[in-house]
Structures are given as structure tokens and as C-alpha cells.
Amino acid sequence: MFRTKRSVLVRRLWRSRAPGGEEEEEAAAGEPGAAAAVAEPRAHLGGGHGCCPGKAGRGGRAAAGAEAELKALTHAVLKRLKERQLEGLLHAVESRGGARTPCLLLPAKADSRLGQHWYPLPLLLCKVFRWPDLRHCSEVKRLCCCESYGKAHSELVCCNPHHLSRLCELESPPPPYSRYPMDFLKPTDCPDSVPSSTETGGTNCLAPGGPSDSQVLQEPGDRSHWCVVAYWEEKTRVGRLYSVQEPSLDIFYDLPQGNGFCLGQLNSDNKSQLVQKVRSKIGYGIQLTKEVDGVWVYNRSSYPIFIKSATLDNPDSRTLLVHKVFPGFSIKAFDYEKAYTLQRPNDHEFTQQPWTGFTVQISFVKGWGQCYTRQFISSCPCWLEVIFNNR
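Residues numbered from 1 in each chain as written. Predicted model: local features only at pLDDT ≥ 70, side-chain atom pairs only at ≥ 80, totals over all residues. Heavy atoms only, no water.

What the protein chain contains, in helices and strands, is eight helices and 20 strands. Here the protein chain holds 391 residues, and the buried ones make up 52% of them. The contacts of the protein chain with a sequence gap of at least 6 include a subset with a gap of at least 24, amounting to 68%. Of the accessible surface of the protein chain, which amounts to about 18,800 Å², a share of 51% is contributed by carbon and sulfur atoms. (Helix = DSSP H or I, 4+ residues; strand = E, 2+ residues; numbered from the N terminus. Buried < 20%, exposed > 50% of the residue type's maximum accessible area, 1.4 Å probe, protein only. Contact = heavy atoms within 4.5 Å. Areas by Shrake-Rupley, 256 points an atom, 1.4 Å probe, with all protein chains shown as cover.)

Turning our attention to helix H3 (residues 83–94). With twelve residues, H3 should cover 16 Å at 1.5 Å per step; its first-to-last C-alpha distance of 16 Å lies within 8% of that length. Every buried residue of H3 is listed here: Gln85, Leu86, Gly88, Leu89, Leu90, Ala92 and Val93. Tucked inside the fold, the buried residues of H3 contact helix H1 (5–15), helix H2 (64–78), strand S1 (105–107) and helix H4 (121–129). Directly beyond the C-terminal end of H3, a positive phi value near 55° is found at Arg96. (Expected span 1.5 Å × (residues − 1).)

Evaluated as defined, the whole model comprises ten salt bridges. A salt bridge links Glu94 to Arg12, with the shortest nitrogen-to-oxygen separation between them at 2.9 Å. Of this pair, Glu94 sits in helix H3 while Arg12 sits in helix H1, placing them 82 residues apart in sequence. According to the relative accessible area criterion, Glu94 is partly exposed, its value standing at 43%. Looking at Arg12, the relative accessible area reads 32%, which means it is partly exposed. The network of salt bridges with common partners includes Lys5, Glu83 and Glu87. (Salt bridge = Lys/Arg side-chain N within 4 Å of Asp/Glu carboxyl O.)

Turning our attention to the confidence of the model for the protein chain. Summing up the model confidence of the protein chain, the mean pLDDT is 76 and the portion of residues at 70 or higher is 70%. Every residue in residues 21–48 scores below 50 in pLDDT, and together they form 98 contacts with partners more than four places removed in sequence or on other chains. Low pLDDT (under 50) marks residues 346–353, which in the prediction has 27 contacts with non-local residues, meaning those over four places away or in another chain. (pLDDT = per-residue confidence, 0-100.)

Position of Ser165 relative to the elements: it lies in strand S6 (residues 164–167). Reaching out from Ser165, the side chain makes a polar contact with the side chain of Ser330 at a distance of 2.6 Å. When residues no more than four places from it in sequence are discounted, the contact partners of Ser165 are Trp131, Glu139, Val140, Lys141, Leu143, Tyr298, Gly328 and Ser330. (Polar contact = N/O pair within 3.5 Å; in protein donor to acceptor, adjacent residues only side chain to side chain.)

What follows is about the pairing of S6. Sheet analysis places strand S4 (residues 140–142) next to S6, joined by three bridges and oriented antiparallel. Across the sheet, Arg142 pairs through a bridge with Leu164, a residue of S6. With two bridges connecting them, S6 and strand S18 (residues 329–334) associate as parallel partners. Within S18, the residue paired with Leu167 across the bridge is Ser330. (Pairing = 2+ DSSP bridges.)

Moving on to the side chain of Thr74. Along the chain, Thr74 turns up in helix H2. The exposure class assigned to Thr74 is buried, which follows from its relative accessible area of 1%. Not counting chain neighbours up to four residues away, the residues in contact with Thr74 comprise Trp14 and Val128.

Let us look at the sheet that holds strand S15 (residues 294–299). In space, the seven strands of this open sheet follow the order S4-S6-S18-S15-S14-S12-S13, with mixed pairing throughout. Strands at the two margins of the open sheet, each flanked by one partner only, are S4 and strand S13 (260–262). Strand-to-strand twist across the sheet, computed as the mean angle between neighbouring axes with direction ignored, equals 30°. (Axes fitted to C-alpha atoms, helices over the stretch in contact; angles between N-to-C directions.)

Below you can see the structure in the form of C-alpha cells.
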């Protein structure tokens, strides 16, 4: 039977939809308390802190009638698109957001009914191609690469599902204050290195760099950059500091189309099998974006990332929490206004460590902290330290 190109594109798109009601889990070996690494697009919930990680909801298989209704509605929407729009959407879906794809601009007032609910078109396509459990527009955040970013009222709105991310909500309250023995807080010895500015409990050491490294660290008032990024493998920094001037930065190991900080191009002497395994899982990595309300981190990879930031928690907390962010989710990792109000805690335990509210630590795949085998981030196979310009 003869099929037009449009009908072929529609069929391919439907076959590329996100599975509903199921999830794939991979246990984090050797890490009690660690939740499974859920591959995008099957991640259903955002991260909680290390002690109470988010759990993905397990719904039953969709009834045949609901599946048929969703298929009919999706086909009706897709068949209204132009061939060029279908090709762009298919490229975005099949590359899982790894390729740069144009906005899919459709009427902003258009929506569709599914069961008892009416869904705006951007939400409907996100349900079909990324998150089947999505319920409301408040659960997603538009990425800054999108033409509709920051536009509250417009006749056309972008419906490209990979121009949106799931919003990570910190639902769980912080645990009670905890105290560590003084010896436990002291940094380990790092030969031929100088300590970096880290948060409490860190054992990080900044390997000696060239003049550019020293200049970046000693002149935080330099307005040419808004942050610098250091990539670490366990206790060893790999490569030089990466100075960031553009408002958005991709940090990745392997990305089909992307400019930014490519970790795969760095020369690493680490022979650890665990480091090599985790490095290979970084994939699309993260997107670091400076926005009006702060700095956001978008997890583009297929595995969770873990974040510790002074502005994510109660400033009176004795121990900063490590927050888990699942694939496809975004989190506001740093708040400038909140950071300026932070004071060095007036507590004898904190005096053993350098303190700054302008640093965020991010690990790939493996977490650290109170509920993990790794107590310090310097024990994680692959991680980042982001130091913000406080001027």
C-alpha cells in the first residue's frame, strides 16, 4: 500500500513515544540508600535529598481504550503539522534532545482533550514523547534555547518536547542536624596541591595549574566570566579550569551536536574501571544556565546527577544535603540573592574547612554524603566543581 512521506513520519513518531507505566532501573551497586538510575525518558520524578531520594511512580499498563484514545489524539495533532515540522520533531525525539532542533511553533490557545482532562499542546506532546505521568504545566520548565522562553503571552508557543525540562521540586524537609567527629571533617592530605574553596565535609584539592588558573581564582571580580568549572576524577582534577562567559554551557562527554565543555576530549591518566565506566555514562551530560532568578542545571544524560549547593538548603542547617536530579529534570542549583545573605556559620566545626556560598558541586551517576558509601565528593568517580563570580 502506498504511503505518503507525512504518514511515514507520523508512524515513526508514534513508534518513538515514551513507554507508559513502566520504568527501567539500574541499582547503584555498593551504595545503600541510593535510588535507581532511571533512563530518560522513563524517569518519572525529580530528586529528593540523599536520604529521601525521589521514587518513580508505578502505574499499571494503560487500558486498551486509553491507549487507543491517546493514539487517535496524537495522530490528529501530528497530521496538522507540516512535513518540515514533522521532520524536526522526529529529529528531536529520536536524538533524545541531543541534536539542535528548531522550535515547533503552534497556536498557543489550542489544546486537546484526553479523557477528563484538557491539555495544552506542549504538555500533550511532552506526555506522549517524554513523561507519560505529566499532569500540569507547572511541572515543566522551558529551556532558554527555546523561542518561547520568557514569553508569557504569545499567539504561537513552542511544542518541541525537548525544549522543556521537568521541574525538580524539593519536597522532603531537611533531616535533623547531624554532627561529625572533628577528625572526620579534616581534609585528607593531597600532595603537591592547594585546597580549593569547598563546602563543609569536602576533601577537595585543587591541583596546581598554570597562570590562567591562578588568575581566575585570585580575581573573582573579573566581569569577563560568571563562573569557572573544574572537572575531577576522584581526587584528581583533569584538565584546566573552564571559564564561562556565555549564559548557557553544555558540559558533556559525548553529544551529537554541541559546543561547550567536552569532557571526552580531556586527557585522563585514571585507570580505575569504575571511573571509566561512569565517564562513559556521562553522555549528554548537563546544561548549566545563568537565568534571571539564578543558575539552573538541566540533566540531559540518561543517569541521575547529584548536587550540593549552599543555596538549596536551610542556611541554618549544619550539614548541606546532596540532592538527586533524575534525567530530564532541571533544578535551580544556585540563587545569587540567597548566596549574598549567607554568612560563615558561627560554629567550631565549620572553622576546620574553607567556606563559600558561591560554589556548587555536581557528581555524575554516583552520589555521596550521609546515605552513601562515599562520604565526600572527592570519592566520586566523576564530578564537577562550579565556582561563581560573586561580583
